[in-house]
Amino acid sequence: MPNPARLMQLALAYRSSAVLFAAADLDLFTSLSQGPRSVESLAESAGLAVAPLRFLLDACVAEGLLTTQDGAYANTPMTDAFLVRGRPAFIASGMKFAEDLYPAWGHLAQLVRTGKPVVPPESFLGDDTAKTRAFVYAMHERAKGISAVLPHGADFSGRTRLLDVGGGPGTYSMSLVRQTPGLRATVLDLPGVLEVTREILADNGFADRVDVRPTNYLTDAFGSGYDAALLSGMMHRETPENCRMLLRKAFDALEPGGMAVVSDVFFDDDSKTSPPFATYFAINMMLMSDEGSAHAKTEMAAWMRDIGFERVDIRPMPPPNPHTLVVGYKP
Ligand SMILES: C[S@@+](CC[C@H](N)C(=O)[O-])C[C@H]1O[C@@H](n2cnc3c(N)ncnc32)[C@H](O)[C@@H]1O
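A. Spatial organisation of unusual backbone geometry. Looking along the chain, the bond that leaves S274 and enters P275 is cis, with omega of 0°. Here the phi dihedral of D70 falls at roughly 50°; this positive angle occurs in a residue that is not glycine. Phi is positive for R311, close to 50°, though the residue is something other than glycine. Position of R311 among the secondary structure elements: in strand β8 (residues 310–316).

B. Summary view of the pattern of salt bridges. Within this structure, the stated rule accounts for 12 salt bridges. For the salt bridge of D27 with R85, the shortest nitrogen-to-oxygen distance reads 2.9 Å. In this pair, D27 is assigned in the loop between α2 (14–25) and α3 (28–31) and R85 in the loop between α6 (77–82) and α7 (92–105), connecting sequence segments 58 residues apart. Residue D27 is classed as buried on the basis of its relative accessible area, which comes to 18%. Owing to a relative accessible area of 48%, R85 belongs among the partly exposed residues under this scheme. Members of the salt-bridge network, linked through shared partners, are K96, E99 and D100.

C. Quick peek at the site of the ligand. With respect to spatial proximity, 18 residues lie near the ligand, and among them M139, G166, D189, Y217 and S232 are the closest. With respect to the ligand, the backbone of G166 contributes an N or O atom lying 2.8 Å from a nitrogen atom. Contact distances for the ligand include 2.6 Å between an oxygen atom and a side-chain N or O atom of S232. Burial of the ligand by the protein amounts to 95% of the accessible area it has alone, namely 590 Å². It is helix α9 (residues 129–153) that contributes the most residues to the shell around the ligand, 3 residues altogether. Per-class residue counts for the shell around the ligand are 8 nonpolar, 7 polar and 3 charged.

D. Seen up close, the domain arrangement of the protein chain. According to the domain assignment, the protein chain contains domain 1 (5–87) and domain 2 (145–272 + 292–329). Computed over C-alpha atoms only, the centres of domain 1 and domain 2 are separated by 37 Å.

E. Here's a closer look at the packing of aromatic side chains. Scanning the entire structure with this criterion turns up 5 aromatic pairs. Considering the side-chain rings of F21 and Y102, the 5.3 Å spacing of their centres and the 85° angle between planes classify their relative orientation as edge-to-face. Here Y102 lies in helix α7 and F21 lies in helix α2, a separation of 81 residues in the sequence. The partly exposed category is assigned to Y102, whose relative accessible area is 33%. Seen from their ring centres, W105 and Y280 are 6.4 Å apart, and the 25° between their planes marks the pair as stacked. Residue W105 is found in helix α7, and its partner Y280 is found in helix α13 (residues 276–288); the two are separated by 175 residues along the sequence. Overall, Y280 belongs to the exposed group, its relative accessible area being 53%. The aromatic ring of Y226 is capped on one face by R161, whose charged end is 4.2 Å from the ring centroid.

F. Representation of a nonpolar patch on the surface in the model. Side chains of M8, L12, Y14 and Y102 sit close together on the surface and give an oily, nonpolar patch of about 390 Å² of accessible area. Examined against the element boundaries, M8 turns out to sit in helix α1 (residues 5–11).

What counts as what
Residues numbered from 1 in each chain as written. Predicted model: local features only at pLDDT ≥ 70, side-chain atom pairs only at ≥ 80, totals over all residues. Heavy atoms only, no water. Helix = DSSP H or I, 4+ residues; strand = E, 2+ residues; numbered from the N terminus. Salt bridge = Lys/Arg side-chain N within 4 Å of Asp/Glu carboxyl O. Buried < 20%, exposed > 50% of the residue type's maximum accessible area, 1.4 Å probe, protein only. Near = heavy atom within 4 Å. Polar contact = N/O pair within 3.5 Å; in protein donor to acceptor, adjacent residues only side chain to side chain. Areas by Shrake-Rupley, 256 points an atom, 1.4 Å probe, with all protein chains shown as cover. Nonpolar A, V, L, I, M, F, W, Y, C, P; charged D, E, K, R; others polar. Domains from an automatic or database assignment. Phe/Tyr/Trp six-rings, centres within 6.5 Å; stacked < 30°, edge-to-face > 60°. Lys NZ or Arg CZ within 6 Å of the ring centre and 35° of its normal. Patch = residues over 30% accessible without salt bridge, like charges linked within 9 Å, V, L, I, M, F, W, Y side chains within 5 Å.

Next up, the structure:
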């Protein structure tokens, strides 16, 4: 008889996510940032119920999110770095976005039965203000890590005008402008998203070197005169036909010698079976968008060559960054 332990583990795995989300919602990691505290002290200062808080803290210890000694609880180095409000590597908005999608994953069978997203696709892109803010800040936090290493895969030095298609929070634009003397950037995105982007650009002091242009990238023109185009984390929302159309529009917006960089989560090859991260990513996109999925890096490279880009190259990013770059140049 096989052992059913793995089935039990999978059936209850959502509890681990719920523990993380609850602890982040209650901002427990920020409350512990000044040093270890007892459950009574945490409960009193935040007005929480002692008995369930104790179990939540113990569950956090079990999940490797906290440690405990002499009856006091403390952050681990990981939670201290990433889940304390105000720290440079804070990523709790990303946790919040994952939490927002948590109910959608509970309807995965419905997606497979109907072939339709289970949450309204536009709710994160302007229709629901709170969800849109959480989404844009989640993209910002995630992109902070990825954008810092982007120049390792694509050299922007000497480039002066960057077109950031579906640039969301503008984090890549800010990072590239910061690292590249003489570079200015334009972020194209939907109007509701750009309201939050303007706030992020102003807060970070980039409003003068990064501008935003409300654009539906499927229907509106991209403009011209750019020597670099970035298409990051947005091709996975689009059909192959639309990807080719977007690559064509980027090609037309570039000057001769212009560089196009597609950065995304990709399947390894056209069989679209690995890595598993891409499979989960594709499901996630299907749960929340009409055309979302994940493409193969090999098909993206082929589309770029078909359109006329030359020296097309696939460049992995260093782990734990899940993105790969597909880079090409306009002749
Ligand atoms: C996952 S985000 C990626 C943001 C950013 N490029 C990054 O990599 O962090 C996808 C972006 O595409 C934008 N987007 C989706 N559909 C769009 C459309 N039709 N026109 C313009 N932007 C769109 C979304 O608003 C969102 O900001």
